[in-house]
Amino acid sequence: MFTTWGFFDTINIGDIMRFMATFTPTIKIFLWIIAAISFVGIVIGILTLAGVHLEITTGQASLLISVCSFGLIVSTLLATIHYKVDKTHVRLNVGFIDMLSGRINIDNILNIVIDDNKMYISYLWKGPDPVIALIAIKPKHYDDFKELLMSRNKRIIFYENKNETTDSEQQ
């Protein structure tokens, strides 16, 4: 249901909004290649175990199924990385696992900053010093993400650096 391949960028389910994490094209291609090779390896292993003669032993077929299953699971988990914003927290989920363990409480978010076409949030966690986190979503969803957080915490301060100077202008 959730992919980074561009089919679903955001999903809104009741009070929960999901924003898919973005990857560089190189990583996307690498994930596709891992998934495809793993799938083919699993099929070859199953065919060999089923009795089709494919020039590999049953031991090699069992090993191929094991390794390729692991590759398929890892590539699928990486493809499901998304930010989940519920009523109280911003979560970074891989599959169904919150990698931040509820670390980003929306009430503790201080700032949202967009600079150099990247979004950052600063929040308090375990002490008085803020933590700065990069939010790796598509730039076209920055406004949706910002508005969602600011609607749940009115104390958030938003900064945007619109300084688009080039090197030739600075010299």
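This structure is a prediction, so every number in the text was calculated from the model and none was measured. (Residues numbered from 1 in each chain as written. Predicted model: local features only at pLDDT ≥ 70, side-chain atom pairs only at ≥ 80, totals over all residues. Heavy atoms only, no water.)

Novice: Help me understand the packing of aromatic side chains, please; the structure alone is not making it clear to me.
Specialist: Remark: the centre distance and the inter-plane angle together describe each pair of aromatic rings, the angle taken between the planes. According to the stated counting rule, one finds 2 aromatic pairs in the structure shown. Ring plane angle 75 degrees and centroid distance 5.0 Å describe the contact between F19 and F145, whose orientation is recorded as edge-to-face. With a gap of 126 residues between them, F19 in strand β2 (residues 16-20) and F145 in helix α3 (residues 142-152) connect regions that are remote in the sequence. Using a relative accessible area of 1% as the deciding quantity, one classes F19 as buried. Summarising the aromatic geometry, the rings of Y83 and F145 are spaced 6.3 Å apart at their centres and angled 75 degrees between planes, so their arrangement reads as edge-to-face. Residue Y83 is located in strand β3 (residues 82-85), and its partner F145 is located in helix α3; the two are separated by 62 residues in the primary sequence. (Phe/Tyr/Trp six-rings, centres within 6.5 Å; stacked < 30°, edge-to-face > 60°. Helix = DSSP H or I, 4+ residues; strand = E, 2+ residues; numbered from the N terminus. Buried < 20%, exposed > 50% of the residue type's maximum accessible area, 1.4 Å probe, protein only.)

Novice: Sorry if this is basic, but what is going on with the nonpolar core here?
Specialist: As a rule of thumb, nonpolar side chains are buried together in soluble globular proteins. Grouped together as the largest cluster of nonpolar side chains are 27 residues, with contacts concentrated most on V90, I109, I121, F145 and L149. Of all elements in the fold, only β2, β3, β4 (89-94), β7 (109-115), β8 (118-124), β9 (130-135) and α3 reach the threshold of two or more residues within this core. The element best represented in this core is α3, accounting for 4 residues. Those residues in contact with I121 that sit more than four places away from it in its chain are I104, I109, N111, I112, V131, I132, A133, I135 and L149. (Core = buried A, V, L, I, M, F, W, Y, C linked by side-chain atoms within 4.5 Å. Contact = heavy atoms within 4.5 Å.)

Novice: What should I look at first to understand the sheet that holds β9 in this one?
Specialist: One open sheet accounts for 4 strands, arranged β9-β8-β7-β10; its pairing is mixed. If you trace the sheet from one side to the other, it starts and ends with β9 and β10 (157-160), each paired once. For this sheet, the mean angle separating the axes of adjacent strands, direction not counted, is 20 degrees. The pairing of β7 with β8 spans 6 bridges and is classified as antiparallel. Residue pairing in the sheet places N111 in a bridge with S122 of β8. (Pairing = 2+ DSSP bridges. Axes fitted to C-alpha atoms, helices over the stretch in contact; angles between N-to-C directions.)

Novice: Looking at this model, I keep getting lost on the side chain of S38. Mind explaining?
Specialist: On the secondary structure map, S38 appears in helix α1 (residues 25-49). A residue is classified by how much of its surface remains accessible, and S38, at 5% relative accessible area, is buried. Leave out the neighbours within four places in its chain, and S38 touches C68, G71 and L72.

Novice: Even after reading the chapter, I still don't get α1, so can you show me in this structure?
Specialist: Side chains three or four residues apart in an α-helix point the same way, a direct result of the helix having 3.6 residues per turn. An ideal rise of 1.5 Å per residue puts 36 Å on 25 residues; α1 measures up with 36 Å between its terminal C-alpha atoms. In the core, the buried residues of α1 are packed alongside α2 (58-79). G51 lies just past α1 and shows a positive phi near 110 degrees. (Expected span 1.5 Å × (residues − 1).)

Without other data, these values stay purely geometric and don't point to any function.
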